[in-house]
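# Structural features, examined
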Amino acid sequence: MKDNSRAKIFFAIPYISWLAVFVIVPIGLLIYQSLTNVQGSFTLANFHEFITSNVYLPMAFNSVFYALIITLITFMISFPAAYVLSHLKHRQLWLMLIILPTWINVLLKTYAFLGLLSKSGIINQLFSTFGLGTHNLLFNHVSFIFVAVYLELPFMLLPIYNSINEIDPDILKASRDLGAKPINTLSQLVFPLSINGIKSGIQAVFIPSLSLFMLTTLIGGNKVMTLGSAIELHFIVTQNWHMGSTIAIILILAMAVTMYFTRERGKRK
Amino acid sequence: MDKKVLPVIEFKNVGLSFDNNTILKNVSFEIEAGQFYTLLGPSGSGKSTILNLISGQLSADAGEILFDGKVINNIPAESRRVNTVFQNYALFPNMTVFDNVAFGPKLKKLPKDTIKAKVREMLALVKLEAFENRAIQELSGGQKQRVAIARALANEPDVLLLDEPLSALDYKLRKQMQSELRAIQKRLGITFIFVTHDQEEALAMSDWIFIMNDGKIQQNGTPVDIYDEPINHFVADFIGESNIVNGVMKQDYLVNFVGKDFENLDAGMRPNEAVEVVLRPEDLDLVPIEQGKLVVTIADQSFRGDFYEITAIDDDGNEWKVQATNPSSVGARVGLDFGPEDIHVMRFNESEDDFDARIESYEGE
Ligand SMILES: Nc1ncnc2c1ncn2[C@@H]1O[C@H](COP(=O)(O)OP(=O)(O)OP(=O)(O)O)[C@@H](O)[C@H]1O
Ligand SMILES: [Mg+2]
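Residues numbered from 1 in each chain as written. Chains lettered and ligands numbered in written order. Predicted model: local features only at pLDDT ≥ 70, side-chain atom pairs only at ≥ 80, totals over all residues. Heavy atoms only, no water.

In the annotation of an unreviewed UniProt entry, chain B is listed under the name Spermidine/putrescine import ATP-binding protein PotA and assigned to Periweissella fabaria.

By the naming in an unreviewed UniProt entry, chain A is Spermidine/putrescine transport system permease protein PotB, taken from Periweissella fabaria. Database annotation for chain A, UniProt heading Subcellular location (unreviewed entry): "Cell membrane". In UniProt, chain A has this text filed under Sequence similarities (unreviewed entry): "Belongs to the binding-protein-dependent transport system permease family. CysTW subfamily." (UniProt positions renumbered as here; feature names shortened; annotations may be inferred.)

## What to know about the overall build of chain A
Helix and strand counts for chain A stand at 13 helices and zero strands. Walking chain A from its N terminus toward its C terminus, one meets helices and strands in the order α-α-α-α-α-α-α-α-α-α-α-α-α. Its C-alpha atoms give chain A principal-axis dimensions of roughly 75 × 70 × 35 Å. Going through the 269 residues of chain A one by one, you find that 35% of them count as buried. Put simply, 68% of the contacts in chain A that link residues at least 6 apart link residues at least 24 apart. As displayed, chain A has an accessible area near 15900 Å², and 72% of this comes from carbon and sulfur atoms. Both charge centroids of chain A, one from 17 positive and one from 9 negative side chains, sit 3 Å from each other. (Helix = DSSP H or I, 4+ residues; strand = E, 2+ residues; numbered from the N terminus. Buried < 20%, exposed > 50% of the residue type's maximum accessible area, 1.4 Å probe, protein only. Contact = heavy atoms within 4.5 Å. Areas by Shrake-Rupley, 256 points an atom, 1.4 Å probe, with all protein chains shown as cover. Lys, Arg positive; Asp, Glu negative; His and termini not counted. Charge placed at Lys NZ, Arg CZ, Asp CG, Glu CD.)

## Notes on the layout of surface pockets
All names here are of chain B. The computed volume of the largest pocket comes to approximately 1200 Å³. Elements supplying a minimum of two residues to the lining of the largest pocket: β1 (9-18), β2 (21-31), β9 (208-213), β10 (216-221) and α9 (352-363). By residue class, the composition of the lining of the largest pocket is twelve nonpolar, eleven polar and 17 charged. (1 Å grid on protein atoms, 1.4 Å probe; cavity = no way out; pocket = protein on both sides within 12 Å on 5 of 7 lines; lining within 4 Å. Points joined across faces, edges and corners; volume = space filled by probe spheres on them. Nonpolar A, V, L, I, M, F, W, Y, C, P; charged D, E, K, R; others polar.)

## Topic: the nonpolar core
Ranked by internal contacts, the top residues of the largest apolar core, which has 43 residues, are F144, L215 and I219 of chain A together with F92 and F103 of chain B. Where this core is concerned, the elements lending two or more residues are α3 (56-85), α5 (106-117), α7 (141-165), α8 (169-177), α9 (182-193), α10 (195-210) and α11 (214-218) of chain A together with α2 (97-107) of chain B. Ignoring anything within four residues of it in the chain, the contact list for F144 of chain A reads Y66, I70, L212, L215, T216, I219, G220 and V224 of chain A. Counting residues in each nonpolar core, the second largest holds 36 residues, with L125, L128, L160 and L166 of chain B among its members. (Core = buried A, V, L, I, M, F, W, Y, C linked by side-chain atoms within 4.5 Å.)

## Comments concerning the pattern of salt bridges
Side chains carrying opposite charge are able to pair once their charged atoms draw close together. All names here are of chain B. Tallying each qualifying case throughout the model produces 22 salt bridges over all chains. R81 is the partner of D158 in a salt bridge, and the nearest nitrogen-oxygen pair spans 2.8 Å. Linking D158 in the loop between α4 (141-153) and β7 (159-163) with R81 in the loop between β5 (70-71) and β6 (82-85), this pair joins segments that are 77 residues apart in sequence. For R81, a relative accessible area of 45% translates into the label partly exposed. The salt bridge partner of E273 is R347, with a shortest N-O separation of 2.9 Å. A residue pair is termed long-range when its members are at least 10 positions apart, and E273 in strand β14 (residues 273-279) and R347 in strand β20 (residues 344-347) qualify at 74 residues. You'll find E273 and R347 in the same group, each marked buried. One salt-bridge network, held together by shared partners, links E273, R347, E350 and R358. (Salt bridge = Lys/Arg side-chain N within 4 Å of Asp/Glu carboxyl O.)

## A look at a nonpolar patch on the surface
All names here are of chain A. Taken together, the side chains of W18, V21, F22, V23, I24, I27, I31 and I252 make up a nonpolar region of the molecular surface, amounting to roughly 730 Å² of accessible area. Considering the arrangement of structural elements, one finds I27 in helix α1 (residues 2-34). Residue I27 is classed as partly exposed on the basis of its relative accessible area of 33%. (Patch = residues over 30% accessible without salt bridge, like charges linked within 9 Å, V, L, I, M, F, W, Y side chains within 5 Å.)

## Thoughts on the UniProt feature "domain: ABC transporter" (unreviewed entry) in chain B
Mapped onto this structure's residue numbering, the UniProt feature "domain: ABC transporter" (unreviewed entry) falls at residues 9-239 of chain B. With 36% helix and 26% strand, the stretch residues 9-239 of chain B has end C-alpha atoms that lie 25 Å from each other.

## Observations regarding the pairing of β9 of chain B
Residues and elements named next belong to chain B. Most of β9 is tucked away, with five of its six residues classed as buried. The pairing of strand β3 (residues 36-40) with β9 spans four bridges and is classified as parallel. Each residue of the ladder has a partner; that of L39, found in β9, is F210. Summarising the sheet, β9 and β10 pair through five bridges and their orientation is antiparallel. Across the sheet, the residue bridging to N213 is K216, located in β10. (Pairing = 2+ DSSP bridges.)

## Observations concerning the packing of aromatic side chains
Going through the model one piece at a time under the given rule, you end up with 24 aromatic pairs over all chains. Arranged with centres 5.9 Å apart and planes meeting at 85°, the rings of Y32 of chain A and F42 of chain A form a pair that is edge-to-face. Placement of the pair is Y32 of chain A in helix α1 and F42 of chain A in the loop between α1 and α2 (45-52), with a sequence separation of ten residues. Here the aromatic residues F61, F65, Y66 and F144 of chain A are joined through ring pairs into a cluster of three or more. The ring of Y227 of chain B is capped by R280 of chain B, whose NZ or CZ atom sits 4.1 Å from the centre of that ring. The ring of F338 of chain B has K293 of chain B lying over it, and the distance from NZ or CZ to the ring centre is 5.5 Å. (Phe/Tyr/Trp six-rings, centres within 6.5 Å; stacked < 30°, edge-to-face > 60°. Lys NZ or Arg CZ within 6 Å of the ring centre and 35° of its normal.)

So this is what it looks like as structure tokens:
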């Protein structure tokens, strides 16, 4: 027993060191920065400012609002898609087509959208060919949400697909056998039985969406200000690391809250 | 059997293929209301496929399926008055026992009180009254099986399909569930179609058995008929233990095998037609040499609880399985005895209709 637990500790050393250097220490530094001011003395002023100035709260609201919309849309596409996918013949192929784009760097895909949606992009070329004129497709809320949904979709779809795929097909047969229409089966069995996949999907989409910042600039044209873009601003442009850290800490808290509400409950073997 | 009653289910030349693999070929049969039917056959013979065609989970490529005289090929599964008990139970893990059983009645939007009464009635039928609020994960295999039966019956089907429902249970529980299922069927008076590959189970439970092999019905009949008069080698071998040897039907009521002529009770074949001869181990007796029809040497003997299973070899080298109440000694030479009624003759490639007609022709009088 003793040897065994020693061996365990030994094998855990790389992970624990990683955790310490790249997670615990940085968070410690963030907390320290957020609780200090330029002079280096401890203060709650940063948090006070976050709450009282009328800049950050609307930004926080914006972040949550857009993350919610992105999550909702990806879910509404993913759940039916995952259900259909699990019934397809060549699902490995279809799945591959969904996974493939996730291997490409996010920045590359974002630039691809710039090419697609810009004034001289393919879409506008098509529009003008059909005499519809050219339109401003970029730098607004819709293009921001559209591209974000595109990028996040696989992370919602895959966990949902996996949990739907794990449902015993006989359960769905039994439901039909007992007189259930597809909609009954979907709402009373498929949805509740894939709830853990749905929760994972929500975590995987909502949490990163809270801190989106590249997209906000490149696609949203800074029309959309989120906490993510605010952090970028403070660290890179205004060099106010204390305020940046404060926002980061608040973001981390928001993520923790999300994790709590989407945790797996009543796990059964 | 004079079939004046309309069959509840009828298959007319039903065929089915998966990706160019023919699974069922020209399957035709009738199911009468209120009986206990069994589909018996080896793995892959098409038993589940037939159940899936009846329930509507699969649709036929060819032929017609009738329910109460009406073609139902295009009626979706959820609208058929048939329910299924699945082999692995397929209970809904996110619901309690009560909600599982109430699933069908709730879909029918019955009043709450009616649903409650129905569920209680069904749980009482399978002796699970006290388990209403249990989670499915908290049930034993036998209890899950009972819930599955109650859930299927709560929909008040005309026909209950059971796909190897007892195969996951241990021997004792299986025996108990066999008699309970039979009792439930008698009490409700509805039709059961039960699938198994256990021939003992089929013989013990059924009013009528369909023997399947290779996507075809080989023979159907009462357990006694099928046991006593198997139509071919496959059925004889599959149902019960049997000794099968080649022979020649010299004339009506006279068959030759292992080089000797024997009187028997079969008739209606061509003179000198090559046949197969079946003798059941329990119909064979070991006697002193001079009283036997054949002389055999005991090669092996094993105790089986209520009998000894003995393997004996005749002078031509044929093996004979014998069930005896008394032990013998290995190596002893003894006589093997049987009567004319113990010899059953089977023709090669005889169709079921020809077989029935021939039996009728000489037994009918
Ligand atoms: N979805 C399918 N696709 C292709 N072939 C199938 C499919 N379902 C069944 N089969 C084939 O059909 C044949 C009959 O299958 P079926 O499930 O009816 O057998 P069974 O008699 O119920 O066997 P078991 O006792 O093993 O359950 C088998 O050869 C099987 O491989
Ligand atoms: Mg089967």
